[in-house]
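Notes for the structure review
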Amino acid sequence: MPKKTIENGLFVTFEGPEGSGKSTQIKMLAERLTEQEYEVVVTREPGGTILGEEIRKLLIEFREEDIADEAELLLFGASRAQHMRRKILPCLKRGGIVLCDRFVDSTTAYQGYARKLDFGFIQNLHAFSLCGRWPDLTFVLDIDVDTSYQRMSKRYQNSAPVNDRIEAESRAFHTAVREGFLDIAKKNPGRVKVIDANRLPEIIAADLWWEVYHAIV
Ligand code: T5A
């Protein structure tokens, strides 16, 4: 059966501190949109393409040699340039819906606000990698740093020890990331919605659905 389409597609990104519930919410929203017969592409950054997933491993895992902050920024940009051209734009051109776990605002929050790299350069990198297509709607799932640590430790209770280079950054780093996201939202009130993610997943999902529904109709 042909899928329902949206003119120019709908591009929704999910942002927030570590463990804020992005994957949980994306899964619930994707199910609801698929039931309504839209084409839904669920993807993530870094990653989303074969090249992007290779870059993800380089960025996330600890290595013998540490990664310079500037090299880290360019790797996130490389992953995104490929992702945009090979996966996101083609889906939007078909009239589909892209749900992306982290995107440009993560770069601004982590590499800009927390690593303190040059904001002007980051903005130019966004322009270069995005081909002019910004997300239509961005959710910042907001939790405080204590809640983020609690959720991360719960997740690792039954699995291998943490091997995530960025998660292992200091408390001050993660505090700067959270504040960065809130500042980005303040500066982009039309696109970016801050969602209190310290509630039951079903209640958060209802808020997200309300926003997405109004973006579609
Ligand atoms: N990064 C990324 C940059 O530095 N720059 C960039 O440009 C980009 C794109 C990516 C890393 O790269 C960095 C940021 C990251 O450090 P990642 O694997 O994508 O790494 O890391 P996260 O996005 O943090 O992924 P997580 O899987 O840790 O978090 P999620 O997806 O936000 O959370 P989720 O849904 O997996 O839930 C985490 C736990 O909380 C529970 C879940 O059951 C799970 O146990 N949970 C809730 N508990 C209570 N109430 C709720 N409402 C809950 N929702 C979920």
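Worth saying up front: this structure is predicted, and the values here are computed from it rather than measured.

Remarks on unusual backbone geometry
- Across the junction of Glu45 and Pro46, the peptide omega takes the value -10 degrees, indicating a cis bond.
- For Pro46, the position within the fold is in the loop between β2 (40-44) and α2 (50-60).
- Phi angles above zero are rare outside glycine, and Arg102 is one such case at about 75 degrees.
- Position of Arg102 relative to the elements: it lies in the loop between β3 (97-101) and α4 (104-114).
- Exposure remark for Arg102: the relative accessible area of 13% places this residue in the buried category.
- With a phi angle near 65 degrees, Lys116 is a residue other than glycine that sits in the positive phi range.
- Among the structural elements, Lys116 can be located in the loop between α4 and α5 (119-130).

Let's talk about the packing of α4 against α5
- Closest axis-to-axis distance for the α4/α5 pair is 10 Å, and the angle between their directions is 155 degrees. Comparing the axis directions of α4 and α5 gives the class roughly antiparallel. Taken as a pair, α4 and α5 cross one another with a handedness that is right-handed. Taking contact as the criterion, the partners of Val104, Thr107, Thr108, Gln111, Gly112 and Tyr113 in α4 are, on α5, Phe119, Ile122, His126 and Leu130.
- Counted by class, the contact of α4 with α5 contains 5 nonpolar, 5 polar and no charged residues.

Here's the deal with the site of the ligand
- Taken together, the neighbourhood of the ligand is formed by 25 residues, with Lys22, Ser23, Thr24, Thr107 and Arg155 sitting nearest.
- In the environment of the ligand, an oxygen atom lies 3.4 Å from a nitrogen or oxygen atom belonging to the side chain of Arg80.
- Its free accessible area being 1,000 Å², the ligand has 84% of it covered by the protein chains.
- Mapped onto the shell around the ligand, the elements with two or more residues apiece are α1 (22-35), α2, α3 (69-93), α4, α6 (145-156) and α8 (201-216).
- Ranked by the residues each element gives to the shell around the ligand, the list is headed by α4, at 4 residues.
- Looking at the shell around the ligand, its residues break down into 8 nonpolar, 8 polar and 9 charged.

Re α1
- Counted at 1.5 Å a residue, the expected span for α1 with its 14 residues is 20 Å, and the 20 Å between its end C-alpha atoms agrees.
- Three or more residues of α1 are buried, namely Lys22, Gln25, Ile26, Leu29, Ala30 and Leu33. The buried side chains of α1 occupy one side of the element, clustering within an arc of 130 degrees when seen end-on. Seen from the buried face of α1, the exposed residues on the opposite side, beyond 90 degrees, are Ser23, Lys27 and Glu35.
- Glu37 sits one or two residues past α1 and shows a positive phi near 70 degrees.

Quick notes on the rules
Residues numbered from 1 in each chain as written. Predicted model: local features only at pLDDT ≥ 70, side-chain atom pairs only at ≥ 80, totals over all residues. Heavy atoms only, no water. Helix = DSSP H or I, 4+ residues; strand = E, 2+ residues; numbered from the N terminus. Buried < 20%, exposed > 50% of the residue type's maximum accessible area, 1.4 Å probe, protein only. Axes fitted to C-alpha atoms, helices over the stretch in contact; angles between N-to-C directions. Parallel < 35°, antiparallel > 145°, perpendicular 65-115°, else oblique. Left-handed = near helix turned anticlockwise from the far one by under 90°. Contact = heavy atoms within 4.5 Å. Nonpolar A, V, L, I, M, F, W, Y, C, P; charged D, E, K, R; others polar. Near = heavy atom within 4 Å. Polar contact = N/O pair within 3.5 Å; in protein donor to acceptor, adjacent residues only side chain to side chain. Areas by Shrake-Rupley, 256 points an atom, 1.4 Å probe, with all protein chains shown as cover. Expected span 1.5 Å × (residues − 1). Arc of directions from axis to C-beta.

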